[in-house]
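Here's the letter readout for the chains.
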Amino acid sequence: MRFRGVKVNRFLWLIGILSLLQLASCSEERRTSVKDYPVNTAFIYSNRVLVNGESSKDERKRLTLELDNYWDDSLKARKEQRVLFWYRIKNPPVFDTVNLSRSRNYMNAYLNSQGYYYSNIKDSTSIDSVGDQFRVHTIMNVTPGKNITIDSVDYQLDDSSLQAITTQRMKGRLLKKGDNYSKQIINEELDRLIKIYRNKGYYKFTKEDIYAEVDSSDISLMNITLSPFKQAELIAATAKKRLENPQWDVSIKKRTTYDSSKLIQYRIGNIYFYPETKLSDVTDSLPYDKSFLEKNYSNVWMRYKQGKFKYSPLKEHTFFAHGETYNEELYFKSMNTLGQVGAWQQVDGKIVPRSKDTLDFYFFLTPTLKQNFTVDLEGSRNTGDIGSGNLFGISTNLSYRNRNVWKQAIQSVTNFRTGVELNLNLGNSNSASDQLVQTFNISAGETFAFPRLIQPFNRWKGLRTLDNKRTLLSINAAYVDRKNYYKLRSIVGSWGYEWKKVYRRTENTWLFKPFNIELYSLDTLPGLDTLFMKNPFLRNSFNTGNIYSQSLSFVRTFNTTNSKNHYLRFGIEETGLLFGAFNKLKDNIYRYIKLEAEYKQTKKYQKSIMAYRAFAGYGYNYGSYPGTSPSTLPFFKQFSLGGPYSMRAWGLRQLGLGSSNSYDSISTSSFRDRYGDMAIEGNVEYRFNLATVAGVKIGSALYTDIGNIWNIKKNPNDPNSVFSLSNFGKDLAIGVGTGVRIDFTYFLIRLDFAYKVKDPVRLGNDGWMSVRKFNWTDVRANGLEVPNFALQLGIGLPF
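Nothing here was measured: the structure is a model prediction, and the numbers come from that model. (Residues numbered from 1 in each chain as written. Predicted model: local features only at pLDDT ≥ 70, side-chain atom pairs only at ≥ 80, totals over all residues. Heavy atoms only, no water.)

What the five strands build is an open sheet, ordered S11-S12-S10-S14-S13; its pairing is mixed. Taken across any chain shown, the strands that pair with only one partner, and hence form the sheet edges, are strand S11 (293-296) and strand S13 (344-354). Strand-to-strand twist of the sheet, defined as the mean angle between neighbouring strand axes without regard to direction, takes the value 20°. Judged from the four bridges that link them, S11 and strand S12 (residues 300-304) form a sheet pairing that is antiparallel. Bridging across to S12, glutamate 294 finds its partner in arginine 303. Of the strands in this sheet, strand S10 (267-274), S13 and strand S14 (358-367) touch helix H8 (residues 328-340), which is tilted by about 155° from S13. (Pairing = 2+ DSSP bridges. Helix = DSSP H or I, 4+ residues; strand = E, 2+ residues; numbered from the N terminus. Axes fitted to C-alpha atoms, helices over the stretch in contact; angles between N-to-C directions. Contact = heavy atoms within 4.5 Å.)

What follows is the structure in structure tokens.
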């Protein structure tokens, strides 16, 4: 249908946008109301920090945001967002000049911690009267001055062993000549050193045993001169130097040690595991309980009462052994890894010194619920192209989970699913079938997660440095019988490895599947052959085949700053290279390579978030398979765009390919899903809060999506569906939109509205929308009317 009164609608939209822009341009103070204020008494209405000086723009912005947190509590106007651009202040504090000096002191202390010791802070206030309100506006004008730089760094530990360890680890030092001085960086350097020492066996050495000595004096003042004028010149020159280029010397020193045990390097003694600890147990008393059964594994004891666990998963995830030098990092890594295996819900540890240089370790592990069984019943309605077009489906799913298979903390999930689709048009003259049961399906699957890497290199030392090691085994079999249309049988199995490597601010996750087998068998029946004639594109969903593949994926998440998060993913899948070398197999399996890359970034601001995403995928089919097109990947391995999580101005899988309009030529069928061998997409989203209602955050976003999918091999019948650099700009689709996000903390519901700014299939204007001839719908060459917008309902953020 077409919308009438387009000119009126366009005018109303223009008025609405201009009104919002005018409202947003007003200062925040004019959009802020006050509730429960002291009548006829001056109260705090607004606070501002203005940072001046020669610092960089980013540094001034950082200091402005940080210093805003250092107002005295009695001088801070706390605003809460109500709806959109409106704010409210409730119970504002009474203005008192004493609180100004406190705020100056707090801000000056913070600047000192950041290396600004020559700052200048001045306050100013103004009062506005609105009815019986006396609103006080406070401003802090801050000139930080020059940041102190580090002139020299040295380490004087007064102990040969500590000094040698420190010298060996100088490469990772955080204090360097020429860097800006701050208390935070000194604190981090002291933490780094303590971590190094405790990882080298110094169990009792703490941060209280070392300190940083800072020398701000100028050595030129030590020169002896008898001339008072010369001395005055030196003092003046030194004062000028401090203002223009202040430099300090930093020395890390060890305090006088009165307890000699602090300088002893401890070794690992006995290790005790209590894998059946109850939440109600008092762990301090368990080592003295004589009722436990024991098993000894070379200075490692497992104490138990029921024998629920074997020793192997405990050994696999303990990263230190008897006789080794104590390493605090490996101790905490062992506790964290044991807690992530899945067999235990809580892991506690205790270290007990024994004799002069020996430490005994106690691990108390509380088991989680071993097994559970769930039953799900689902219903669905199907009005698709295949069959009577009005089906009611009912299915049940049985799931059994075991978190401690064979007493080795192996996780397993067993699934069994069966269901039918019933013909709701039975007895109707328009029904395409006279059978009640139209579809029958049944499937069963088993998944195992072994808490170790099962491979022949058990003595490979590099394995000890990996985190969350798992071996994954899965197998699934399914059968679908669609009456009069097709019968589909499938067996899918895989064997893979997953592991992580965690650094300071970086987490790397690897997933390697050396074996992945997918076997499909399809019998097409007369009803499906008839549909293929009506809709050739439907055949793409039935180009099943056999796959013997290997895949590798890598994911890195890291933080460059406290407000900026990054996500990077690479993936590669190859099938047919090895098995295709056999003549009996190469013509019966798919042979292709598929590459994917994705990057995401979020940057947090005080009241909003900027999010970015870029994705690229490429697949190349270099083999052939009987009965299918050799030019593309199987459809279930291809890329698609459109829907609530990508290219939101288009329906699910409704974008592409390129600028081809071939799919629009099918006017008698609703099946127009598009798949391609190549995809490129970019997304930018600005997220912000609208209001908070009963603890539920309501937010919104402004976003744009850019991208498309293509095939990569030439197709004379549809050249516009093939990727070409010369047509890249023409083929790109662009959508813009906004939406509402309701955040319940545990999950988020999202409703997005998006409009097609540039549709590669749109006739005229190179696919771009027309502002003068704005339309909600578009008419294709064959007369098909399609919407220029889409509403998308999603769970969670789009990326």
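A word on the confidence of the model for the chain. Looking at the chain, pLDDT values average 85 and 85% of them are 70 or higher. Under a pLDDT of 50 for its full length, residues 1-8 has, in the predicted model, eight contacts with residues more than four places off or in other chains. Predicted confidence is poor over residues 21-26, with pLDDT under 50, and the contacts of this stretch with residues over four places away or in other chains come to six contacts. (pLDDT = per-residue confidence, 0-100.)

Take the packing of aromatic side chains next. Overall, the coordinates contain 40 aromatic pairs when judged by the stated rule. Seen from their ring centres, tyrosine 755 and tryptophan 776 are 6.1 Å apart, and the 85° between their planes marks the pair as edge-to-face. Taken together, the positions of tyrosine 755 in strand S29 (residues 748-758) and tryptophan 776 in the loop between S29 and strand S30 (777-779) put the pair 21 residues apart, joining distant regions of the chain. The pair formed by tyrosine 755 and tryptophan 776 is uniform in burial state, with each residue classed as buried. Put simply, the rings of Tyr203, Tyr266, Phe273, Phe320, Tyr326, Tyr331, Phe332, Phe361 and Phe363 pair up and form one aromatic cluster. Directly above the aromatic system of phenylalanine 799 lies the positively charged group of arginine 687, at a separation of 5.3 Å from the ring centroid. (Phe/Tyr/Trp six-rings, centres within 6.5 Å; stacked < 30°, edge-to-face > 60°. Buried < 20%, exposed > 50% of the residue type's maximum accessible area, 1.4 Å probe, protein only. Lys NZ or Arg CZ within 6 Å of the ring centre and 35° of its normal.)

Taken together, the side chains of Lys278, Lys295, Lys308, Lys310, Lys370 and Lys407 make up a positively charged region of the molecular surface. As for its position among the elements, lysine 278 is in the loop between S10 and S11. (Patch = residues over 30% accessible without salt bridge, like charges linked within 9 Å, V, L, I, M, F, W, Y side chains within 5 Å. Areas by Shrake-Rupley, 256 points an atom, 1.4 Å probe, with all protein chains shown as cover. Salt bridge = Lys/Arg side-chain N within 4 Å of Asp/Glu carboxyl O. Lys, Arg positive; Asp, Glu negative; His and termini not counted. Charge placed at Lys NZ, Arg CZ, Asp CG, Glu CD.)

The next subject is the side chain of threonine 138. Within the secondary structure, threonine 138 is located in strand S6 (residues 133-143). A relative accessible area of 1% places threonine 138 in the buried class. There is a polar contact of 3.0 Å between the side chain of threonine 138 and the side chain of asparagine 47. When neighbours within four sequence positions are excluded, threonine 138 is seen to be in contact with Ile44, Ser46, Asn47, Arg48, Trp71, Phe95, Ser124 and Thr125. (Polar contact = N/O pair within 3.5 Å; in protein donor to acceptor, adjacent residues only side chain to side chain.)

For the rest of this paragraph, the subject is a nonpolar patch on the surface. On the surface, Phe512, Leu552, Ile572, Leu577, Leu578, Leu595, Tyr618, Tyr620 and Tyr622 cluster together into a nonpolar patch covering about 770 Å² of accessible area. If you trace the backbone, leucine 578 turns up in the loop between strand S23 (564-575) and helix H10 (583-586).

Relative to the helices and strands, glutamate 66 resides in helix H2 (residues 57-67). In this structure glutamate 66 comes out as partly exposed when scored by relative accessible area, which is 32%.

It is worth spelling out the pattern of salt bridges at this point. This model, assessed by the stated rule, comprises 35 salt bridges. Between aspartate 68 and lysine 76 there is a salt bridge, with its nearest N and O atoms 3.0 Å apart. With respect to class, aspartate 68 is no different from lysine 76; both count as buried. The residue aspartate 481 makes a salt bridge to lysine 483 at a minimum N-O spacing of 3.5 Å. Residue classification places aspartate 481 among the buried positions, given a relative accessible area of 10%. Where salt bridges share partners, they join Arg648, Glu685, Arg687, Asp705, Arg741, Arg750 and Asp752 into one cluster.

The strand order across the open sheet formed by three strands is S7-S9-S8, and the pairing between neighbours is mixed. What marks the edges here is a single partner per strand, and that holds for strand S7 (149-156) and strand S8 (210-215). Strand after strand, the sheet turns through a mean of 20° between neighbouring axes, direction not considered. Strand direction decides the pairing type here: S8 and strand S9 (residues 247-254), joined by six bridges, are antiparallel. The residue bridging isoleucine 210 from the neighbouring strand is lysine 254, located in S9. Of the strands in this sheet, S7, S8 and S9 are in contact with helix H5 (residues 183-199), which crosses S8 at around 145°.

With that settled, the discussion passes to the nonpolar core. Among the nonpolar cores identified, the biggest contains 27 residues, and Phe273, Tyr326, Trp344, Phe361 and Phe363 are the most heavily contacted of them. Breaking this core down by element, the ones donating at least two residues are S10, S12, H8, S13 and S14. In terms of residues, this core owes the most to one element, S14, which gives four residues. Contact partners of tyrosine 326, with chain neighbours within four places excluded, come to Arg198, Asn199, Lys200, Gly201, Tyr203, Tyr266, Arg267, Ile268, Tyr331, Ile351, Leu359 and Phe361. If you look at the next biggest cluster of nonpolar residues, it comprises 22 residues, including Ile44, Val49, Leu75 and Leu100. (Core = buried A, V, L, I, M, F, W, Y, C linked by side-chain atoms within 4.5 Å.)

With respect to the helices and strands, the residue threonine 509 is situated in strand S21 (residues 506-524). By relative accessible area, threonine 509 is classed as buried at 16%. Not counting chain neighbours up to four residues away, the residues in contact with threonine 509 comprise Glu498, Trp499, Lys500, Ser553, Phe554 and Val555.

Glancing now at the packing of helix H4 (residues 160-168) against H5. Axis separation between H4 and H5 bottoms out at 11 Å; the angle between their running directions is 115°. With respect to H5, the element H4 is oriented roughly perpendicular. Pair H4 / H5 crosses with right-handed handedness. Listed contacts from H5 to Leu162, Ile165 and Thr166 of H4 are Leu193, Ile196 and Tyr197. (Parallel < 35°, antiparallel > 145°, perpendicular 65-115°, else oblique. Left-handed = near helix turned anticlockwise from the far one by under 90°.)

Time to look at helix H3 (residues 98-113). Between its first and last C-alpha, H3 extends 23 Å over 16 residues, near the 22 Å set by a 1.5 Å rise per residue. All of the buried residues along H3 are Asn99, Leu100, Ser103, Met107, Tyr110, Leu111, Asn112 and Ser113. Packing partners of the buried residues in H3 comprise strand S2 (42-51), H2, strand S5 (120-130), S6 and H5. The positive-phi residue at the C-terminal boundary of H3 is glycine 115, with phi of around 95°. (Expected span 1.5 Å × (residues − 1).)

This paragraph deals with the environment of isoleucine 517. Relative to the helices and strands, isoleucine 517 resides in strand S21. Taking the C-alpha atoms as reference, isoleucine 517 lies 9.3 Å from isoleucine 475; in sequence the two are 42 residues apart. Setting aside residues no more than four positions away along its own chain, isoleucine 517 makes contact with Ile491, Val492, Gly493, Ile547 and Tyr548.

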